[in-house]
Amino acid sequence: MTAVNRYATSWESFWGSTTGTAGEVFWDADPIHASRQDLALFRDYFNPRLPLIDLGCGNGTQTRFLANHFTVVIGTEIAPAAVELATTTNGAANITYRLFDVLRPDDAQRLHDKIGDANLYIRAVLHQLSPADQATAVQSIERLLGATGTLYFIELSSAAEPYFARLIQQYGPPPGLARVFQHQITPGMLRENAINSLFPPERFAILGTGPSQIRTVHTLPTGDVVEVPAFYAILRRQ
Ligand SMILES: C[S@@+](CC[C@H](N)C(=O)[O-])C[C@H]1O[C@@H](n2cnc3c(N)ncnc32)[C@H](O)[C@@H]1O
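Okay, so let's go over this structure. Since this is a predicted model, take the numbers as computed values, not measurements. (Residues numbered from 1 in each chain as written. Predicted model: local features only at pLDDT ≥ 70, side-chain atom pairs only at ≥ 80, totals over all residues. Heavy atoms only, no water.)

## Description of the site of the ligand
Which entries qualify depends on this criterion: Definition of nearness: a residue and a molecule or strand are near each other if at least one heavy atom of the residue lies within 4 Å of the molecule or strand. Nitrogen and oxygen atoms within 3.5 Å of one another constitute a polar contact, given that in protein one can donate a hydrogen and the other can accept it, and given that sequence-neighbouring residues count only through two side-chain atoms. In short, Shrake-Rupley with a 1.4 Å probe defines the accessible areas, and a residue's cover is counted only from the protein chains shown. A cavity, in this analysis, means grid points on a 1 Å lattice covering only the protein atoms where a 1.4 Å probe fits yet has no way out; a pocket is instead an open set bounded by protein on both sides within 12 Å along at least five of seven lines, and a residue lines either one if it has an atom within 4 Å of a point. A cavity or pocket is said to hold a molecule if more than half of that molecule's atoms lie within 2 Å of its grid points. For this scheme, ten residues count as nonpolar: Ala, Val, Leu, Ile, Met, Phe, Trp, Tyr, Cys and Pro. Four count as charged, namely Asp, Glu, Lys and Arg, and the remainder, Gly too, count as polar.
Around the ligand, 16 residues are found, and the nearest of them are W15, G56, E77, D101 and R123. For the ligand, a nitrogen atom lies 2.8 Å from a polar atom in the side chain of D101. Contact between the ligand and V102: a nitrogen atom at 3.0 Å from a main-chain N or O atom of the residue. A total of 590 Å² of accessible area belongs to the ligand in isolation, and the protein chains cover 99% of it. In this structure the site holding the ligand corresponds to the largest cavity. Grouping the constituent residues of the shell around the ligand by class yields 10 nonpolar, 3 polar and 3 charged.

Here is the structure:
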């Protein structure tokens, strides 16, 4: 089975069995605590006349929030079940959801030929790709951005691994995280220091980067909501 099929199969299985029960989608935080914090960071860099692609949009929770702030929004997903879920639960007149595998740069080129340069919002997608697949994803990203689009991503950082280890040791695995493993999804990370090799300076300009958190839907016995160490970056093509 190729790597591409591995992602498609496990994510289709994950989204196809999602019922809407509270807590089952670990990262599905209210946008007030998720994409709103991101928007404050990237808003001034995004040309509002370009379409915004929420790449790997999942069930569309963050996509719908973003559609309140941008005129044309496209949510893209590898899993047909996610496209269906997003369409039925997070539809809006200015959002189109569509199938798209970020590991197919030719498809990215075809989408760019159709819609032109786009801004990209990517939350918690790149970290779960293998390092080789992250490099392929960057080829797609490059094509989608074109000359004028801007990329914002937020991904788990290297501090996420020890954070999860401590969390599981102290409280056991959160049910939402256990569900990820049940579907053979391999959580990974994007090391902060990999950014320059993944987005080489001769091809990309880094406009901003810094530490952040990915809010989850899991509340600890202490009353704290789990927020996994992450980092963000804002980039444009050179
Ligand atoms: C952790 S979820 C994050 C979903 C969404 N961005 C959010 O923050 O709610 C990762 C998403 O990436 C999607 N995905 C995984 N591999 C992909 C690929 N190769 N191309 C496009 N989407 C992919 C999955 O189906 C999943 O919905």
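Text resumes after the structure shown.
## Things to note about the nonpolar core
Here is the rule: Side-chain atoms within 4.5 Å link the members of a nonpolar core, which is a set of buried Ala, Val, Leu, Ile, Met, Phe, Trp, Tyr and Cys residues. Each residue is assigned to one of three classes by its accessible area relative to the maximum for its type, calculated with a 1.4 Å probe on protein chains only: buried under 20%, partly exposed between the two thresholds, exposed over 50%. A run of H or I in DSSP becomes a helix once it reaches four residues, and a run of E becomes a strand once it reaches two; helices and strands are each numbered from the N terminus. In this description, contact between two residues means that some pair of their heavy atoms is separated by no more than 4.5 Å.
Formed by 39 residues in total, the largest nonpolar core has its most connected members in L151, F153 and F199. Ranked by residues supplied to this core, first place goes to helix α6 (residues 131-145) with 5 residues. Residues within four places of L151 in sequence aside, it is in contact with F46, L120, I122, I141, L145, F199, A233, I234 and L235. If you look at the next biggest cluster of nonpolar residues, it comprises 32 residues, including F65, V83, A86 and Y163.

## Regarding the pairing of strand β1 (residues 52-55)
For clarity, the cut-off: We call two strands paired when DSSP finds no fewer than two bridges between them. Whether a crossover is right-handed comes down to one check: with the strands pointing away from the viewer, does the path from the first strand over the helix to the second run clockwise; if it does, it is right-handed.
Alternating residues of β1 divide into L52 and D54 and I53 and L55, and every residue in both groups is buried. As paired elements, β1 and strand β2 (residues 73-77) share 4 bridges and run parallel to each other. In the strand pairing of β2, L52 is matched with V73. With helix α3 (residues 61-66) bridging β1 and the parallel β2, this β-α-β connection has right-handed handedness.

## As for empty space enclosed by the protein
Rolled over the atoms, a probe with the dimensions of a water molecule shows which regions are left empty. Note the cut-off: Grid points are joined across faces, edges and corners, and a volume is the space filled by probe spheres set on the points.
The full count for this structure, using the stated rule, is 2 cavities of 30 Å³ or more. When its volume is computed, the largest cavity comes out at roughly 590 Å³. Looking at the largest cavity, it is lined by 37 residues, and the ones nearest its centre are W11, W27, R123, A124 and V125. Elements represented by at least two residues in the lining of the largest cavity include exactly α1 (3-16), β1, α3, β2, β4 (119-123), α8 (175-182) and β6 (204-219). In terms of residues, the lining of the largest cavity owes the most to one element, α1, which gives 3 residues. Here the residues of the lining of the largest cavity sort into 23 nonpolar, 9 polar and 5 charged. In this model, the second largest cavity occupies a volume close to 30 Å³. Contributing to the lining of the second largest cavity are R6, Y7, S10, W11, Q128, Q184, I185 and T186.

Shape descriptors only; they carry no functional weight alone.
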